[in-house]
Amino acid sequence: MKFSHHAFVVSLIGLTFGAAPATWAQEASSAVTAPATGSAQTPSASGATSAAEPAKVPGETNVASAIQTIPGMPAVIDPKNIYSETGADRVSPAIAGDLARIYVPNLRGNSVSVIDPATFRVVDTFKVGRSPQHVVPSWDLRTLWVTNNAEGSNDGSLTPIDPRTGKPGPAVTVDDPYNMYFTPDGKYAIVVAEAHERLDFRDPHTMQLIGSVEAPQCKGINHADFSIDGRYAIFTCEFGGYLAKIDTVNRSLIGYLKLSKGGMPQDILTAPDGHKFYIADMHADGVFVVDGDSFKETGFIPTGPGTHGEYPSRDGKFMYVANRGSHKIHGPRHSPGSVSVIDFATDKVVKTWPIPGGGSPDMGNVSADGKLLWLSGRFDDVAYAIDTQTGDVKKVPVGAEPHGLTVWPQPGRYSVGHTGILR
């Protein structure tokens, strides 16, 4: 499923992107011997330790940070809460005028359903590439990218959406984009080429390939999140029960961690302290807790069957965990799906909201005001709008097999990808 990458120019949202920068050699790391269960082969990331002036992003304030971030990364405003700038009152003026919409990629429908959250109705549906998996906000918040990984073929692409108009632009050919992330300095888009066990580092605007990091032991590589300083990311390996740690400065594989049980890790979310990570495991029916710096498993939180997606509350105090209700990749309708609410301070489940009549809550995000949790109903062809105070659920019919929906606009200064993990 390899193809030649051609130079091209993409014109989108009033910006013209020229030729990609000079490429660096592909960094294919050799297979790493798996460590013993619950421990990591390599305990810490390598990389530069000097601090740099943070990049200027919409809404950035000149606040000194005790955290030495990688060069070009915006400052960490609150070292105790990396989500401090994603509160309900912190939508950047640069995107405040964007359409308020919920964008739902329909995996089997090869389309995106667009919901108006004011009316809970689909107001638009447009075709995209084959097998759209996620809608991913760009680092600079100006483009929403639909990752069409064209399962089983080499026809992968990224469809850009202009969030000011809600309309798609011309697709960009990209090999196997199951998911996509952005390094916290905004320098690279990381396309997760799941079928190839590979991470492709690309220009974040043109998507021109710059280089790749191989992760041959990470079968089904798919979801990720970053450390507080941006020096490393941890990716989940869905088929095999591993995690892979990636050095974002030197663009290299650091090592693997084998989880102690379960064996089907899905979403991953960095804790507010920026050092602890939560890993949803669909077979373990709960969330593993991992110390990212030492890369060691430190705990486990039971939630519900088919644990899948994870999202922070607007105040950074709670984590919403979507339990898909089934251990199957292609599960049945009306499964015992639910949402668990975990208190970040105690790592305890404080609430559980079942989906009335059963369902399959999967991926999504929280509304800008924090009042609704929007999730796709993967096997029920709906989107759920869940009241974050009461757990009451509204269902909106969408296309066939909705997956990684995103809510827009979102509070925050920049996006590290997925369905809108902002900081």
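How each quantity is defined
- Counting restarts for each chain: residues are numbered from 1 in the order of the written sequence.
- Restriction of local features to residues with pLDDT of at least 70 applies here, the model being predicted, together with a cutoff of 80 or more for giving and counting side-chain atom pairs; totals for whole chains, interfaces and linings are based on all residues.
- Heavy atoms throughout the structure, all of them, feed into the side-chain values; hydrogens and water do not.
- Working definition: a disulfide is two cysteine sulfur atoms within 2.5 Å of each other.
- Per the convention used, a helix needs a DSSP run of H or I reaching at least four residues, while a strand needs a run of E reaching at least two, with both numbered from the N terminus.
- Burial classification: accessible surface area is computed with a 1.4 Å probe over protein chains only, and a residue below 20% of its type maximum counts as buried, one above 50% as exposed, and the rest as partly exposed.
- Under the pairing criterion, centres of Phe, Tyr and Trp rings, with the six-membered ring standing for Trp, must be within 6.5 Å; the plane angle then separates stacked pairs below 30 degrees from edge-to-face pairs above 60, leaving the rest tilted.
- Between any two strands, at least two bridges found by DSSP are needed for them to pair.

1. Comments concerning the state of the cysteines
Part 1 of the argument: Per the counting criterion, the structure on display carries 1 disulfide.
Part 2 of the argument: What pairs with Cys 218 in a disulfide is Cys 237, and their sulfur atoms sit 1.9 Å apart. Judged by the sign of its S-S torsion, about -100°, the bond between Cys 218 and Cys 237 is left-handed. Taken together, the positions of Cys 218 in the loop between strand 14 (209-214) and strand 15 (221-226) and Cys 237 in strand 16 (residues 232-237) put the pair 19 residues apart, joining distant regions of the chain. You'll find Cys 218 and Cys 237 in the same group, each marked buried.

2. Examining the packing of aromatic side chains
Part 1 of the argument: Evaluation of the coordinates by the stated rule reveals 9 aromatic pairs.
Part 2 of the argument: Aromatic side chains Phe 120 and Trp 374 sit 5.8 Å apart centroid to centroid with 25° between the ring planes, which places their arrangement in the stacked category. Of the two residues, Phe 120 is situated in the loop between strand 4 (111-116) and strand 5 (121-127) and Trp 374 in strand 28 (residues 372-377); the sequence distance between them amounts to 254 residues.
Part 3 of the argument: A relative accessible area of 1% means that Trp 374 is categorised as buried.
Part 4 of the argument: Judged by centre distance (5.7 Å) and plane angle (45°), the rings of Tyr 278 and Phe 344 are tilted. Of this pair, Tyr 278 sits in strand 20 (residues 276-281) while Phe 344 sits in the loop between strand 25 (338-343) and strand 26 (348-354), and the two are 66 residues apart along the sequence.
Part 5 of the argument: With relative accessibility at 0%, the residue Tyr 278 sits in the buried group.

3. Some words on the pairing of strand 15
Part 1 of the argument: The buried count for strand 15 comes to 6 of 6 residues, which makes it a mostly enclosed element.
Part 2 of the argument: Note: strand 15 against strand 16, 4 bridges, orientation antiparallel. Of the residues in strand 16, the one forming a bridge with Asp 225 is Ile 234.
Part 3 of the argument: The loop that links strand 15 with its antiparallel partner strand 16 comprises 5 residues; one of these, Gly 230, has a positive phi angle of about 80°.

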